[in-house]
Amino acid sequence: MYTISDIATIVQGKLIANFDKEASIGDLVYDSRRLQGKNNPLFFAIETSKNNGHKYISDVQSNGVRNFIVSNSFSPYLVNYPQANFVLVDDTLLALQHLAAYHRQQFSVPIIGITGSNGKTAVKEWLCQLLCEDFKIAYSPNSFNSQIGVPLSVWTLKEGDQLGIFEAGISQPNEMKALQTIIRPTIGIFTNIGTAHDGAFENMSQKIQEKLQLFTEVGTLIYCADHKAIDTILRQGQWATKSVRLFSWSQKNTDVDLYISKISIQSKQTQISAVYKGEKIDISIPINISPDEIDKYNMSSGLYNDICYTLTSEKGTDKTLKDRQNDYIKSNISVCEENCVFSDYNNSTKKAICSCYTKLELPVVSTIKVNKKILFDNILHINKIGNFVILKCIHL
């Protein structure tokens, strides 16, 4: 547990203790709308191109928050808040990142870092579900993979955790170095490369090299060799001389660590056949989805990466991957009569599952908004509100 005095020292800020200089800090927050349920929160007044967190300090304090990280320029206004502690810094976002990086350094557990153009959140969620019975895991909530989201994610690491799984996303050059310093992954997963944010980079090679900065300290890097641009860079230049184990998988090339030889659709399930070290592996996923959809939406990446992680780790598991997949589906789908609520994680997962269920071609009848969720009448259709996707519902 950190105190506000500890944090002032870590971020090299100036503490103005109007409340209690030894106040304990629990959660880190930056959004004044998301204070409910937070434990001893520390509010970071972050300035962006669209907003300025300093505008909300009065509202945040009125909701019970007593500890703040603010810019030095805010010091003239501190007199208006005699019941709060403030840490003055040059840059509040950098202070958040420095604090998270310091916190990460206190842990020596394995950390999986995930990046790529698509599939980061889906892979993270599948991995968490597949590994949660064997490890106590800290992981990114939702799609927290930005310059703000990553430090908030890493802050969730706590004593007793055995594994961390964090995703990192970038949109322009020179962003990944900061995220690598915070996450410091020991195992890397590069999901894929696509056209997202192409305009910010000179070419595809520059974008790949930027994303690879996340993996400068990993011992094992898992990637799909079907993305030739990634494969070429990893097998040449500085990556070829690094002391990192490259673990590749492919649906097209047999000269890889894990070759996916066949994906077939059966009744209410997808059967995956693979070859690892000359031995055949058969895996069943209890959803019906085509090979093209699996590749496009990365629904299988978490499964493959779990295999890779299990095979390269010291700790095995007695539970089959098929059992894990069934557990995942059961834990994320709750059925009440004809209702079905799926806890969704991102658009890729949503689209992939939607492609399965909308094959029934049931029409949209009506929609109503209740408790921030969209309820559909007589339809197996997917729509995301918050973290929930309603597949089908009945009258309330």
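In this text the structure is predicted, and so the values were computed from the model without any measurement. (Residues numbered from 1 in each chain as written. Predicted model: local features only at pLDDT ≥ 70, side-chain atom pairs only at ≥ 80, totals over all residues. Heavy atoms only, no water.)

Quick question: what am I supposed to make of helix α4 (residues 120-131) here?
Counting along an α-helix, one turn takes 3.6 residues, and residues three or four places apart therefore face a common direction. Between the first and last C-alpha of α4 there are 16 Å, a value that for 12 residues agrees with the 16 Å anticipated at 1.5 Å per step. With 12 of its 12 residues buried, α4 lies for the most part within the structure. Inspection of α4 places K120, T121, A122, V123, K124, E125, W126, L127, C128, Q129, L130 and L131 among the buried residues, and these make up the whole buried set. (Helix = DSSP H or I, 4+ residues; strand = E, 2+ residues; numbered from the N terminus. Expected span 1.5 Å × (residues − 1). Buried < 20%, exposed > 50% of the residue type's maximum accessible area, 1.4 Å probe, protein only.)

Explanation requested: the sheet that holds strand β12 (residues 220-224) in the structure shown.
Backbone-to-backbone hydrogen bonds join strands into a sheet, with any given pair of strands oriented parallel or antiparallel. Judged by pairing direction, the sheet is mixed, and its 9 strands sit side by side in the order β9-β10-β8-β11-β12-β13-β14-β15-β16 without closing on themselves. Strands at the two margins of the open sheet, each flanked by one partner only, are β9 (137-139) and β16 (279-285). On average, adjacent strands in this sheet sit at an angle of 20° to one another, irrespective of strand direction. Across 4 bridges, the pairing between strand β8 (residues 111-115) and strand β10 (residues 163-167) is parallel. Pairing of I112 across the sheet is with I165, part of β10. Against the sheet, α4 touches β8, β9, β10, β11 (187-190) and β16, its axis set at about 165° to β10. (Pairing = 2+ DSSP bridges. Axes fitted to C-alpha atoms, helices over the stretch in contact; angles between N-to-C directions. Contact = heavy atoms within 4.5 Å.)

What is the right way to read the side chain of S273 from this model?
By secondary structure assignment, the location of S273 is in strand β15 (residues 269-276). Classification of S273 by relative accessible area gives buried; the value is 18%. Only 3.1 Å separates the side chain of S273 from the side chain of D282, close enough to count as a polar contact. Contact partners of S273, with chain neighbours within four places excluded, come to Y259, I260, S261, K262, I281 and D282. (Polar contact = N/O pair within 3.5 Å; in protein donor to acceptor, adjacent residues only side chain to side chain.)

So what exactly am I meant to see when it comes to unusual backbone geometry here?
If a residue is not glycine, its phi is most likely negative; likewise, a peptide bond is most likely trans. Its identity as a non-glycine residue notwithstanding, Q12 has a phi of 55°, on the positive side. By secondary structure assignment, the location of Q12 is in the loop between α1 (4-10) and β2 (14-17). Here N174, not a glycine, exhibits a phi torsion of approximately 65°, which is positive. Relative to the assigned elements, N174 resides in the loop between β10 and α6 (176-183).

Remember, this is a structural readout, not a statement about activity or role.
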